[in-house]
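Spelled out, the chains give:
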Amino acid sequence: MKLSLSQNISRLRKANSMTQEQLAEALGLTFASVSKWERGVATPDLNYIAEMADLFGVSMDVLTGYQVRDSSCQALAERIHRLQKEKRYDEAAAEAEKALIRYPNDFRIAYRCGEMYYLSGLETGGDKRLERAIELLERAILLLPQNTDPEINELTIRSIIAQGYTALGQRERGIELMKKNNAGGFLNSFIGLSYSMSEAYKPEEAAPYLTRSFLDCVSAITRTMTGYANYYSRVKDYPSALEVCRWLVGFLESVKETEDSAAVMDKVLSAFYAECAHFSDILGRAEEVEPYLRRAYAVARRFDAAPVYKMDCIRFWIDCGKDAIVYDDIGASAIDAIEQQQFHQGDWSERIHRIWKKLKEDDSTDEEK
C-alpha cells in the first residue's frame, strides 16, 4: 500500500485552480491547516479528506494515493493488453469492465482499458467505445502518480484523448487539445492531417504543421539509419551496414528539391557515400569503392563551395513564415566531416586513403588551371 496524501492535495488543488487560502475557506479552516497538510506536517481528519475528495471530484482512494500492490491486478492489465494486440476486442471489453469494477482506481487498469477501447473504437467505428476510452483515459490522468512506465505521461495520454475526439467527429475540440499538448512538436503530423482533412479549415492552416513534421521525419530517419549503420558495423554485419548506407543515401537524394544543386543534407549525404565506399572495401567489392568516393567528394565540394543551412531546398517545403536552420557537429565543412569520420576512427584502408588523396590532388590541379 502506498499513501501520498500531502502531494495529492497540492496537485489536485492546483489542477482545480485553487489557492491554499481558497481551499481552506471552502473547508471552513485556516490557511495554516492546509499548508501543514501539503507539507506533510499534519494529516487531515477523515471527514476533511472526504470533503476534499468531493470538492476535487475524485475518489478518496485517488486523493490519499491508496494503492494495493496486487499481482492479479497486473495480470489483468496484461491480459487486456494481450487481447487488444490479438484484436479480440469483445473479449477484451468484457475483461476490462470486470477489471474496472474490481480495481476502479488503479492506473494500470484505467490506462490499459482506455487504450484498448480507443483502438477498438478506431478499428470498428464504435463511437461508444471511443467515448468510453476518453472517460477512462481522463481517469488515468488523475491516477498518474501510480504510473511507473516512463513512456507514459500526461502528454501522451492527452494526445490519445485528442485523437479520440477527432475520430468522434469533434475535430475542432481534438485539434485544440492536440495543440495544447504538442510539446516538442510530437503531434505536428496529427494536427496537420486533421487540418487537411476538413473543409472547415483552410489548407494553409495545415501547412506549418505538415512541413515541420516532414522535417522532423527526415532528421529522425537520418539519426535512426546512422544508428543502424553503427550497430551493424560493431557486430561486423558489413552487408547489412552497406545496405543501410545505400538506403540512406537514396532517401536523402530523394528529398532534395533538385539533384544537382547544393542542399542542406549534402554534408551528411557525402559522409554516407564515403561510408558506402568503406563497407564496399571491407566486403571486397573493389569496383564499387572509387565510384562511391568520387560521389562523396563531388557532393562535399559542391556543398563547401556554397554552404546551405536553410531547409527550403527540401521537397514539399511550404513557406510558413519561419526560417528553419540546421545545426550540426560533424565538421566545419563537408570535406572535414568525411575526414573526421574516417581518419580519426582509423577505419579507412590504404586503398581508400590513396583514392581520396588523388581526388583532392586532382581537384587542386584543376583549380590551379
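Residues numbered from 1 in each chain as written. Predicted model: local features only at pLDDT ≥ 70, side-chain atom pairs only at ≥ 80, totals over all residues. Heavy atoms only, no water.

1. Considerations on the overall build of the chain
Secondary structure assignment for the chain yields 18 helices and 0 strands. Computed over its C-alpha atoms, the radius of gyration of the chain comes to 29 Å, more than 25% above the 21 Å expected for a compact globule of 369 residues. Along the first, second and third principal axes, the C-alpha set of the chain runs to 90 × 50 × 45 Å. A total of 369 residues make up the chain; the buried ones form 46% of that total. Summarising the internal contacts of the chain: among those between residues at least 6 apart in sequence, 61% fall at separations of at least 24. Put simply, the chain shows about 19,800 Å² of open surface, and 51% of that area lies on carbon and sulfur atoms. Taking the average place of the 47 positive charges on the side chains of the chain and the average place of its 58 negative ones, the gap between the two points comes to 3 Å. (Helix = DSSP H or I, 4+ residues; strand = E, 2+ residues; numbered from the N terminus. Rg over C-alpha atoms; globule rule 2.2 N^0.38 Å. Buried < 20%, exposed > 50% of the residue type's maximum accessible area, 1.4 Å probe, protein only. Contact = heavy atoms within 4.5 Å. Areas by Shrake-Rupley, 256 points an atom, 1.4 Å probe, with all protein chains shown as cover. Lys, Arg positive; Asp, Glu negative; His and termini not counted. Charge placed at Lys NZ, Arg CZ, Asp CG, Glu CD.)

2. Describing the pattern of salt bridges
Applying the stated criterion across every chain, the model contains 22 salt bridges. Among the ionic pairs, E91 bridges to R88, the shortest N-O distance being 2.7 Å. The class for R88 is partly exposed, based on a relative accessible area of 33%. In this structure, the salt-bridge partner of R132 is E135, at a minimum N-O distance of 2.9 Å. (Salt bridge = Lys/Arg side-chain N within 4 Å of Asp/Glu carboxyl O.)

3. Focus: the environment of L210
Position of L210 relative to the elements: it lies in helix 13 (residues 203-234). For L210, a relative accessible area of 37% puts it in the partly exposed group. In this structure, the C-alpha to C-alpha distance between L210 and N188, residues 22 residues apart in sequence, is 6.6 Å. For L210, the contacting residues outside a window of four places in its chain are G192 and L193.

4. Examining the packing of aromatic side chains
In this structure the tally under the stated criterion is 11 aromatic pairs. A centroid spacing of 5.9 Å and a plane angle of 45° characterise the contact between W37 and Y48, whose relative ring orientation is tilted. One end of the pair, W37, is in helix 3 (residues 31-39); the other, Y48, is in helix 4 (residues 46-56), with 11 residues separating them in the sequence. Like Y48, W37 is buried. With 5.9 Å between their ring centres and 35° between their planes, Y195 and Y209 make a pair best called tilted. You can see Y195 sitting in helix 12 (residues 188-197) and its partner Y209 sitting in helix 13, a full 14 residues away along the chain. What makes Y209 buried here is its relative accessible area of 15%. (Phe/Tyr/Trp six-rings, centres within 6.5 Å; stacked < 30°, edge-to-face > 60°.)

5. Digging into unusual backbone geometry
Here S17, not a glycine, exhibits a phi torsion of approximately 55°, which is positive. Summarising the element assignment, S17 is placed in the loop between helix 1 (5-15) and helix 2 (20-27). Classification of S17 by relative accessible area gives exposed; the value is 65%. Unusually for a residue other than glycine, K87 sits at a positive phi of about 60°. With respect to the helices and strands, the residue K87 is situated in the loop between helix 6 (71-85) and helix 7 (89-102).

6. Remarks on the packing of helix 10 (residues 154-167) against helix 11 (residues 171-180)
Where helix 10 meets helix 11, the axes come as close as 7 Å, and the angle between the chain directions of the two elements is 160°. Taken together, the axes of helix 10 and helix 11 lie roughly antiparallel to each other. Crossing hand, helix 10 versus helix 11: left-handed. In contact with R158, I161, A162, Q163, Y165 and T166 of helix 10, helix 11 contributes R171, R173, G174, I175, L177 and M178. (Axes fitted to C-alpha atoms, helices over the stretch in contact; angles between N-to-C directions. Parallel < 35°, antiparallel > 145°, perpendicular 65-115°, else oblique. Left-handed = near helix turned anticlockwise from the far one by under 90°.)

7. A look at the nonpolar core
Residues L63, I109 and I157 are the most contacted members of the largest nonpolar core, which totals 61 residues. Ignoring anything within four residues of it in the chain, the contact list for I157 reads F107, Y111, L137, A140, I141, L144 and I152. Among the nonpolar cores identified, the runner-up in size contains 43 residues, and A296, V299, F303 and W356 belong to it. (Core = buried A, V, L, I, M, F, W, Y, C linked by side-chain atoms within 4.5 Å.)

8. Focus: helix 14 (residues 238-254)
An ideal rise of 1.5 Å per residue puts 24 Å on 17 residues; helix 14 measures up with 24 Å between its terminal C-alpha atoms. Within helix 14, the full set of buried residues consists of Y238, S240, A241, L242, V244, C245, L248, V249, F251, L252 and E253. (Expected span 1.5 Å × (residues − 1).)

9. Let's talk about the state of the cysteines
Within this structure, the stated rule accounts for 0 disulfides. C245 forms no disulfide, and the closest cysteine sulfur to it belongs to C276, at a distance of 5.0 Å. (Disulfide = S-S within 2.5 Å.)

10. Regarding the environment of I221
Secondary-structure assignment places I221 in helix 13. Note on I221: relative accessible area 26%, which makes it partly exposed. Separated by 113 residues in the primary sequence, I221 and R108 place their C-alpha atoms 32 Å from one another.

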